[in-house]
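Fold and geometry: a report
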Amino acid sequence: MSQTPVKQKKSKAFKPEHRRCPVCDQLMIANRFSFDCEDGCRYWSDGKMDGSMFPATATHYRCPACRESFNMRHAMLVSRDEITAKRISRALILSDDDYRKLAAKAQKSGEGQDEKDVRLAWWHHLNDAIRTGHHRPRPEIDVAWQGGIDENLTRLVELLGERNENDLMFLGEALRELGQFERSLAVLCNAPPKLKWMAGLIG
């Protein structure tokens, strides 16, 4: 995980992707991929990877029409042949409050995978406040920021499974960030061979 500042580089661009809001069916531009990083490569312990040579993946947006937040996997991709409107608004980037509301909604509805998805994205969003080398909006570091981290990770730990190889590193790092070091080390000891290097770094 590099902490070395690097010079800002102009982001590359993808062709606009048109999708329909899963809540109100409004057509919008919502790209799944974007180049939002400076030179170099940084692989963070919460699973976020930054680098100028490959794109970042957007998982959630807010509709510019109904203002509801949504998971990208529920937003239908629309082909250019189906588009008749001349001016189409861009989807909005989620704020800390948007993530909180979306996570609460998923938890209330019992949609486990949706809740896990949004809580992982919220975690990455909040940690962007202390990351280097990216162009994404930075949450303000204050009492509310730390409260959001603790609130989200406490619930995320309940959703992540120790027996799920894909969840193991997330769980170990989430426990570490919460200060539950003994439990974190116990989880990391169960890492499969291919993830031992990362478990060692977190440990």
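Residues numbered from 1 in each chain as written. Predicted model: local features only at pLDDT ≥ 70, side-chain atom pairs only at ≥ 80, totals over all residues. Heavy atoms only, no water.

1. Things to note about the nonpolar core
Which entries qualify depends on this criterion: By nonpolar core is meant a set of buried Ala, Val, Leu, Ile, Met, Phe, Trp, Tyr and Cys residues that side-chain atoms within 4.5 Å join together. Think of it in three bands: with a 1.4 Å probe and only protein chains considered, a residue is buried below 20% of the maximum accessible area for its type, exposed above 50%, and partly exposed in between. Secondary structure counts use DSSP, requiring at least four H or I residues in a row for a helix and at least two E residues in a row for a strand, with both numbered from the N terminus. Contact between two residues is taken to exist if any of their heavy atoms lie within 4.5 Å; hydrogens are not considered.
Counting residues in hydrophobic clusters, the biggest one holds 29 residues, and the most contacted among them are Trp123 and Met169. Going through the elements one at a time, α1 (96-109), α2 (112-127), α3 (143-159), α4 (165-177), α5 (181-188) and α6 (196-202) are the ones with two or more residues in this core. The element best represented in this core is α2, accounting for six residues. Trp123 has contacts with Asp46, Ile149, Asn152, Leu153, Leu156, Phe170, Glu173, Ala174 and Glu177, leaving out every residue within four places of it along the chain. Core analysis: the second largest hydrophobic core is formed by 10 residues, Cys21, Ala30, Met72 and Ala91 among them.

2. Examining α2
To keep things clear, this is the line we draw: Helices are assigned an expected span. That span is 1.5 Å times one less than the residue count.
The terminal C-alpha atoms of α2 lie 22 Å apart, and with 16 residues this matches the ideal 22 Å at 1.5 Å per residue to within 8%. The buried fraction of α2 amounts to 13 of the 16 residues, a majority that puts the element mostly inside the structure.

3. Re unusual backbone geometry
Of note, Asp25 is a non-glycine position whose phi angle comes to about 70°, a positive value. The exposure class of Asp25 is partly exposed, given its relative accessible area of 46%. Look at Arg67: it is not a glycine, yet its phi comes out positive at around 70°. Mapped onto the fold, Arg67 is located in the loop between β7 (60-62) and β8 (69-71).

The analysis is restricted to geometry; functional conclusions fall outside its scope.
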